[in-house]
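Chain residues, written in single-letter form:
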Amino acid sequence: MIAFADVSKRFGAEWAVRHVSLEIAEGEFVAVLGESGSGKTTLVKMVNRLVDPDEGKVVVAGEDIRATDAVQLRRTIGYVIQQVGLLPHLSIADNIAIVPTLLGWTDAAKATRVAELLALIGLPDVAARFPDQLSGGQRQRIGLARALAARPKLMLLDEPFGALDPITRVALQGELRRIHKELALTTVMVTHDMVEALTLADRIAVMYRSELRQVGTPTELVAHPADEYVARLMGMAKHQAEQLAGVIA
Amino acid sequence: MSELLRGLPPLLAAHTELVLVALIAAIAISLPLAIAVAGKPRLALPVVTIAGVIQTIPGLALLALMVAVIAGTHGLGVRLSPFGFPPAVIALTLYAILPILRNAITGLRGVDPAVVEAARGLGMTQGQLLRFVELPLAAPVIAAGVRTAAVWTVGAATLATPVGQICLGNYIFAGLQTRNWEMLLAGVIAAAGLAIVLDLILGAIEHALARRERPWAAAGVLVALLVVVLAVLPRLGGADSNAPVVAEHRAAAKVTHLRLGAKTYTEQYILVEVLRQRLAKAGVAADVAQSLGSTVVFDALASGEIDAYVEYSGTLFINQMKRSAGTPRWRVLVEVESWLAHEGIRSLGSLGFENAYALALKRTTAERLHAKQLADLAPHAPELSIGGDYEWFSRGEWASVRAAYDLRFARTATFDPSLLYDAVARGEVDVISAFSSDGRIAANDLVTLADPAGALPPYDAMILLGKRVADDPDVACALVPLTGKITVELMRRANLMVDRADDKATPAAAAAWLLEQAHVPDGC
């Protein structure tokens, strides 16, 4: 579904992404894990061309996206960010229907789709409200619904649950996983939360200092860390789990 | 008072039109500019700075500057008139740009970057981003800027009178100069009322935008106000004398309608009425453009914007011909007339009196100092203060009178001409630059000092006619009989009738009185 072929990006003298190659299969849930400044967000923004690589190429659904129109491409890819970015002057229904509106859907088609999505995310009654009347968790669900509106096959999420309280976060993580499965999506999620990556993703891509250090299933990463950084990261996860087990027992 | 109220609607309509055209133009310029530079701090700073510099130019100066700029560029290639509406609207537009531009930039920059990123990520084009996200979110801030600009512009537009644009300033300038406080107040209150009404409507629009409601209701009120002001008001009140018929009649072969000019003081208001009443008697209608700046009025005549006004020989000699003082009276008249003929302007000759600059002081002061002529003042000048009108201290006459009599005053002070005579009578200054035909010299018990060296040039009042009417027999028949008929004594008394505090006459009444006293024969 997505193939990064030796992509690099520099902002001024700073490397943001350095010679990264990565393939993501259709239907896969991949977490791009890293600390802030590791280049993980830049890497994912290359998929919907919010960032274009200086070198290398990105192929999405078999097409080199440099040859596609960026605006058209984005309308086929779901995109969710941490701050959600709902338009404060539009109702929830209008917010969810933004991409269908840009694509010229009829009002009836939009209304049906909005109702479907509100049911999917478990907020059937908020269509007429405005963003500032919702809680943070509700807003992020709307962000998710908005990204799904035009039935994309590919979803990009940039730290979608980073600003939420733990209970809301866990609930939403569960729903994301469910939706991913139900709609047979390919999902790429940027996160700095190790537990989130380990529990949600089929595979994890670890970014460190603008380089891709290792790609693998959670089990692989824990069992066979490729380098010291990954080993430390996984060691920390194990350590935390043991501590947690001690507290809970 | 009812006369005042009847004259108000056309002024209010013209004022509103001026303000709205300037505001719309300012929005049309500022908004695209703000959109272009909002994301580029390195561009935005100089742009806002330039707009800020324009804002610091005093309103009157900016308006006068536009007259010069338009005249200098020959109408910017599209034959704009350097007189009236074009310079006024351009200056006011420049004036209104800053608040709108600054607020638009602030508003656009204030849009949450997360919202912008999400919108781009969803696949909005740059134009859609602007239309659906940035402009709607910045709209309340932009509307607040328009509101500020509207109030400023209503105020600044009152200064458009001296460049020949009809507006509420006509009441304010004429009221101030003739000390007609009712007229002044009528102008001021109308301007304040207009500012308040515009502010309320724009405030309602801003509120609606901020609450993300459709602001159509308030916008509807604004449009309704426009229709009333522009369509209904001019038909009320002095419709016949203010109708914009100048252009139509210019094409007509026979002159049936004149546009007369007057500068910003009482004598000019009276004399233009004298001209108008004489023309009316001869069956020629005339509009009056009042309170024009002293050089604006001559340019207006030269360019055909007005057809006639009363000028003073010395003013042309010094200001237009750039000559210096010290030339005898008869030679000044001869040289001025031949210069005018060369410019295509016809002079009908002197009205019979001079309105020259003269230094005046209280009779008691003059007696104490034994001052009869200017030279007598020289030994005392270092202990005396002198007051002058706005122009006096930068005019050639001031330099030449100082040089001729070696006058070094301790202090100079600038006053509005209408306040000068009171200032010297109350002792705020010792000497003033007075006008020799002003009735307040005698009324305030002032004396003028003789000028044996001829340092102050002669100022014979003369009627000037522009090209369009220079050879018109009806106009000549109406105006030629005035020449030589108005003595300085008559002019002083007529001026005093208008200027005095009690039992004031209107300039029109003073003009009628003057015509009667001067025994001007009807016809040629």
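Residues numbered from 1 in each chain as written. Chains lettered and ligands numbered in written order. Predicted model: local features only at pLDDT ≥ 70, side-chain atom pairs only at ≥ 80, totals over all residues.

Asker: Could you give an account of the overall build of chain B, with specific residues and numbers?
Answerer: The number of helices and strands found in chain B is 22 helices and 10 strands. The C-alpha atoms of chain B give a radius of gyration of 27 Å, which matches the 24 Å a tight globule of 524 residues would have. Projected onto its principal axes, the C-alpha coordinates of chain B cover approximately 90 × 55 × 45 Å. Considering chain B as a whole, with its 524 residues, one finds that 48% of them fall into the buried category. (Helix = DSSP H or I, 4+ residues; strand = E, 2+ residues; numbered from the N terminus. Rg over C-alpha atoms; globule rule 2.2 N^0.38 Å. Buried ≥ 20, exposed ≤ 12 C-beta atoms within 10 Å, placed from the backbone.)

Asker: So what about the pairing of strand β1 (residues 2-11) of chain A? Which residues, and what values?
Answerer: All names here are of chain A. Inspection of the sheet shows β1 paired to strand β4 (residues 55-60) by five bridges, in the antiparallel sense. Bridging across to β4, Phe4 finds its partner in Val58. Inspection of the sheet shows β1 paired to strand β2 (residues 14-24) by seven bridges, in the antiparallel sense. Its bridge partner lying in β2, Phe4 is registered against Leu22. (Pairing = 2+ DSSP bridges.)

Asker: Please provide a residue-by-residue account of the environment of Arg426(B), values included.
Answerer: Residue and element names in this part refer to chain B. One can find Arg426 in the loop between α18 (417-425) and β8 (431-435). The exposure class of Arg426 is exposed, given the 10 C-beta atoms found within 10 Å. Separated by 42 residues in the primary sequence, Arg426 and Leu384 place their C-alpha atoms 14 Å from one another.

Asker: Describe in detail the interface of chain B and chain A, supporting the description with residues and values.
Answerer: Across the boundary between the two partners, chain B contributes 15 residues, which contact 14 residues of chain A. Listing elements by their share of the side of chain B that touches chain A, those giving two or more residues are α5 (113-121) and α6 (126-157) of chain B. The element that contributes the greatest number of residues to the side of chain B that touches chain A is α5(B), accounting for six residues. Here the side of chain B that touches chain A is built from residues that sort into eight nonpolar, four polar and three charged. (Contact = placed C-beta atoms within 7 Å. Nonpolar A, V, L, I, M, F, W, Y, C, P; charged D, E, K, R; others polar.)

Asker: Please set out the sheet that holds β1(A) residue by residue, giving values where relevant.
Answerer: In space, the four strands of this open sheet follow the order β2-β1-β4-β5 (chain A), with antiparallel pairing throughout. Of all the strands in the sheet, just β2 and β5 (63-64) of chain A have a single pairing partner and so form its edges.

Asker: I'd love a proper account of helix α6 (residues 136-148) of chain A, names of residues and values included.
Answerer: Residues and elements named next belong to chain A. With 13 residues, α6 extends 19 Å between its outermost C-alpha atoms, agreeing within 8% with the 18 Å of an ideal straight helix rising 1.5 Å per residue. The buried count for α6 comes to 10 of 13 residues, which makes it a mostly enclosed element. Listed as buried for α6 are Arg139, Gln140, Arg141, Ile142, Gly143, Leu144, Ala145, Arg146, Ala147 and Leu148. For α6, the secondary structure elements touched by its buried residues are β6 (77-81), α3 (92-96), α4 (98-102), α5 (107-120), β7 (154-158) and α7 (166-182). (Expected span 1.5 Å × (residues − 1).)

Asker: So what's going on with the pairing of strand β10 (residues 460-465) of chain B? Residues and values would help.
Answerer: Residue and element names in this part refer to chain B. With respect to burial, β10 is a largely interior element, six of its six residues being buried. Pairing of strand β3 (residues 308-312) with β10, which is carried by five bridges, proceeds in the antiparallel orientation. Pairing of Tyr309 across the sheet is with Leu464, part of β10. As judged from the four bridges shared by strand β4 (residues 346-354) and β10, these two strands associate in the antiparallel manner. Looking across to β10, one finds that Arg346 is bridged to Leu465.

Asker: Tell me about the packing of α6(B) against helix α8 (residues 181-210) of chain B, and name the residues and values.
Answerer: All names here are of chain B. The N-to-C vectors of α6 and α8 enclose an angle of 175°; their axes lie 9 Å apart at closest approach. Between α6 and α8, the crossing angle belongs to the class labelled roughly antiparallel. The segment α6 lies against α8, with Ala139, Pro140, Ala143, Ala144, Val146, Arg147, Ala150, Val151, Val154 and Gly155 engaging Ala191, Leu194, Ala195, Leu198, Asp199, Leu202, Gly203, Ile205, Glu206, Leu209 and Ala210. Taken together, the residues of the contact of α6 with α8 sort by class into 16 nonpolar, two polar and three charged. (Axes fitted to C-alpha atoms, helices over the stretch in contact; angles between N-to-C directions. Parallel < 35°, antiparallel > 145°, perpendicular 65-115°, else oblique.)

Asker: Talk me through the domain arrangement of chain B; I want residue IDs and the actual numbers.
Answerer: Partitioning chain B into structural domains gives domain 1 (2-239), domain 2 (245-356 + 459-518) and domain 3 (357-448). Of note, the centres of domain 1 of chain B and domain 3 of chain B, computed from C-alpha atoms alone, are 43 Å apart. (Domains from an automatic or database assignment.)

Asker: Tell me what's going on with the sheet that holds β8(B), and back it up with residues and numbers.
Answerer: Residue and element names in this part refer to chain B. Judged by pairing direction, the sheet is mixed, and its five strands sit side by side in the order β7-β6-β8-β5-β9 without closing on themselves. In this open sheet, the two edge strands, each paired with only one partner strand, are β7 (411-414) and β9 (446-448). Neighbour to neighbour, the strand axes of the sheet diverge by 35° on average, direction disregarded. In this structure, strand β5 (residues 357-362) lies alongside β8, joined through five bridges in antiparallel fashion. Looking at the pairing, Tyr357 lines up with Phe435 of β8. In the packing of α18 onto the sheet, the strands contacted are β5, β6 (385-388), β8 and β9, and the crossing angle to β5 comes to about 35°.

Asker: So what's going on with unusual backbone geometry? Which residues, and what values?
Answerer: Negative phi values dominate among residues other than glycine, just as trans dominates among peptide bonds. Residues and elements named next belong to chain B. Look at His370: it is not a glycine, yet its phi comes out positive at around 55°. Here His370 shows up in the loop between α16 (363-369) and β6. You will see that Asp406, though not glycine, has its phi angle at about 55°, which is positive.

Asker: Kindly report on helix α7 (residues 169-177) of chain B, identifying the contributing residues and their values.
Answerer: Residues and elements named next belong to chain B. Counting buried positions over the nine residues of α7 gives nine, a clear majority of the element. Along α7, the residues that are buried comprise Gly169, Asn170, Tyr171, Ile172, Phe173, Ala174, Gly175, Leu176 and Gln177. Summarising the contacts, the buried residues of α7 are in contact with α1 (2-37), α8, α12 (266-281), β2 (285-292) and α18. Just downstream of α7, Arg179 is the residue with a positive phi angle, here 50°.

Asker: Let's hear about the environment of Val229(B): which residues, and what values?
Answerer: Residue and element names in this part refer to chain B. Among the structural elements, Val229 can be located in helix α9 (residues 216-232). C-alpha of Val229 to C-alpha of Gly388: the two residues are 159 residues apart in sequence and 40 Å apart in space. The contacts of Val229, once residues within four sequence positions are left out, are Leu12, Ala13 and Thr16.

Asker: Lay out the environment of Leu101(B) with the relevant residues and their values.
Answerer: Residues and elements named next belong to chain B. Following the sequence through the fold, Leu101 ends up in helix α4 (residues 85-109). Given 28 C-beta atoms within 10 Å, Leu101 falls into the buried group. Sequence separation between Leu101 and Leu198 is 97 residues, and the spatial gap between their C-alpha atoms is 19 Å. Apart from the residues within four sequence positions on either side, Leu101 is in contact with Ser30, Leu33, Ala34, Val48 and Ala51.

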